[in-house]
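One-letter residues, chain by chain:
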Amino acid sequence: MNKTGMSILAAVMFTLLLAGCGQSKGVSFASQSADSSGGASIATSKKAVSRTYSDNDTMYDMAEEAAHEADYGAEIPAPSPEAYERKLILTGNVNLEVTSLEDARNSIEQMVKTLGGYVADSSEWSNGINITIRIPSSQFNTAMNTATGIGKIRSKNINSSDVTDQYYDLDTRLKTKKLMLERLESYLKQAKDMKDMIQIESKINEVTSDLEVMQGQLNRLSSLISFSTITITANLPVNQTQQGFVMPDAKSKFREFARDVVYFFVQFFFVILYVIIYGIPILAATLFLYWLLIGKIGILRKIFARISSKKNK
């Protein structure tokens, strides 16, 4: 190859080398741009969550900002509806007719023990019992079916209350309050001014009180969701007690009838007696006044007659 050819080849190789370097620099610059924009995005997102406080901001101002964010739930994103686990409060009522109250009670207690529940309330009278039980919600249908098999069904009722929104709203607000409390406690450690310390401690006490109330509400709601309530009422047949069937007592019924008849005539006798004692004197006085004023003597009649005669003259 002559010298001219060598020069042309060297020029081509130099051109290709320059093009490769330009591409690598372009890639590097693009990568740096992406990193820069990504860093700016991260910084922006961090700034959206927690703003930078200047030296003029007091620790109490920061605590107030934390309280504002917690009140609006800025820290805890709400779960999507698809992520919800349905929260239901199940209650049931069963009214039965049984042949033995003792057997019915034993069957109910055995069912409660088997299903992992407990008896919440119980009462008993001469021919019936009423027992309120708490059963794990997963065993609700089993408990209702078992209860209806204890005796003859008179009535059966099932009620379901959906508290999903209420539960998750309370749970989210509780988590937000806990984050707020943690932030306030961190601000309290950093506070150097006595005024800020007192104000932040007051805010901590307020948030702690709210937390206790909300936690109690959530615990009660969770208990109602986890354990269903079933009220079982069992009664013996009509005219039957725990000792057995009781026939109507004809003798006592006849005595009651005779007593009522005697009572009626006694009351009637006293009515006649009242008429004789009070009625006759009143009637006699009325007749006497009539005889004196209008009747045979007719004092008033004579007076009116004289007045009339004077007017005619």
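From a predicted model like this one, the values you see are computed outputs, not experimental measurements.

Compared with an ideal rise of 1.5 Å per residue, which puts 33 residues at 48 Å, helix α6 (residues 194-226) spans 47 Å between its outermost C-alpha atoms and is within 8% of the ideal. Within the sequence span of α6, burial applies to Asp-196, Ile-200, Lys-203, Ile-204, Val-207, Leu-211, Met-214, Gly-216, Leu-218, Leu-221 and Ile-225.

Our focus in this paragraph is the nonpolar core. Counting residues in each nonpolar core, the largest one holds 22 residues, and the members touching the most others are Val-98, Met-111, Ile-133, Ile-230 and Ile-232. Those elements that place two or more of their residues in this core are β1 (88-97), α3 (101-115), β3 (128-136), α4 (140-148) and β5 (227-235). Top contributing element to this core by residue count: α3, with six residues. Among all residues touching Ile-133, those that are not within four sequence positions of it are Ile-108, Met-111, Val-112, Tyr-118, Val-119, Ala-120, Ser-228, Thr-229, Ile-230 and Ile-232. Core analysis: the second largest hydrophobic core is formed by 19 residues, Val-163, Tyr-168, Leu-170 and Leu-211 among them.

Bringing the pattern of salt bridges into the picture now. As enumerated under the stated definition, the model contains eight salt bridges in all. Two residues, Glu-85 and Lys-87, come together in a salt bridge whose shortest N-O distance is 3.7 Å. You can call Lys-87 buried: its relative accessible area is 12%.

A separate point is the sheet that holds β1. Pairing is mixed in the open sheet, where five strands are placed in the order β2-β3-β5-β1-β4. Taken across any chain shown, the strands that pair with only one partner, and hence form the sheet edges, are β2 (118-125) and β4 (152-162). Geometrically, the sheet is characterised by an average inter-axis angle of 10 degrees between neighbouring strands, direction not taken into account. In the packing of α4 onto the sheet, the strands contacted are β1, β3, β4 and β5, and the crossing angle to β1 comes to about 5 degrees.

Now for the packing of aromatic side chains. By the definition in use, this model includes six aromatic pairs. With a centroid separation of 6.0 Å and 50 degrees between ring planes, the pair formed by Tyr-118 and Phe-227 is classed as tilted. In this pair, Tyr-118 sits in strand β2 while Phe-227 sits in strand β5, placing the two residues 109 residues apart along the sequence. For Tyr-118, a relative accessible area of 39% puts it in the partly exposed group.

Their axes nearest at 9 Å, the elements helix α5 (residues 164-190) and α6 cross at an angle of 155 degrees. As judged from the angle between their axes, α5 and α6 are roughly antiparallel. Here α5 and α6 pass one another in a crossing that is left-handed. Broken down by class, the residue content of the contact of α5 with α6 amounts to 17 nonpolar, five polar and eight charged.

What counts, and where the lines are drawn
- Residues numbered from 1 in each chain as written.
- Predicted model: local features only at pLDDT ≥ 70, side-chain atom pairs only at ≥ 80, totals over all residues.
- Heavy atoms only, no water.
- Helix = DSSP H or I, 4+ residues; strand = E, 2+ residues; numbered from the N terminus.
- Expected span 1.5 Å × (residues − 1).
- Buried < 20%, exposed > 50% of the residue type's maximum accessible area, 1.4 Å probe, protein only.
- Core = buried A, V, L, I, M, F, W, Y, C linked by side-chain atoms within 4.5 Å.
- Contact = heavy atoms within 4.5 Å.
- Salt bridge = Lys/Arg side-chain N within 4 Å of Asp/Glu carboxyl O.
- Pairing = 2+ DSSP bridges.
- Axes fitted to C-alpha atoms, helices over the stretch in contact; angles between N-to-C directions.
- Phe/Tyr/Trp six-rings, centres within 6.5 Å; stacked < 30°, edge-to-face > 60°.
- Parallel < 35°, antiparallel > 145°, perpendicular 65-115°, else oblique.
- Left-handed = near helix turned anticlockwise from the far one by under 90°.
- Nonpolar A, V, L, I, M, F, W, Y, C, P; charged D, E, K, R; others polar.

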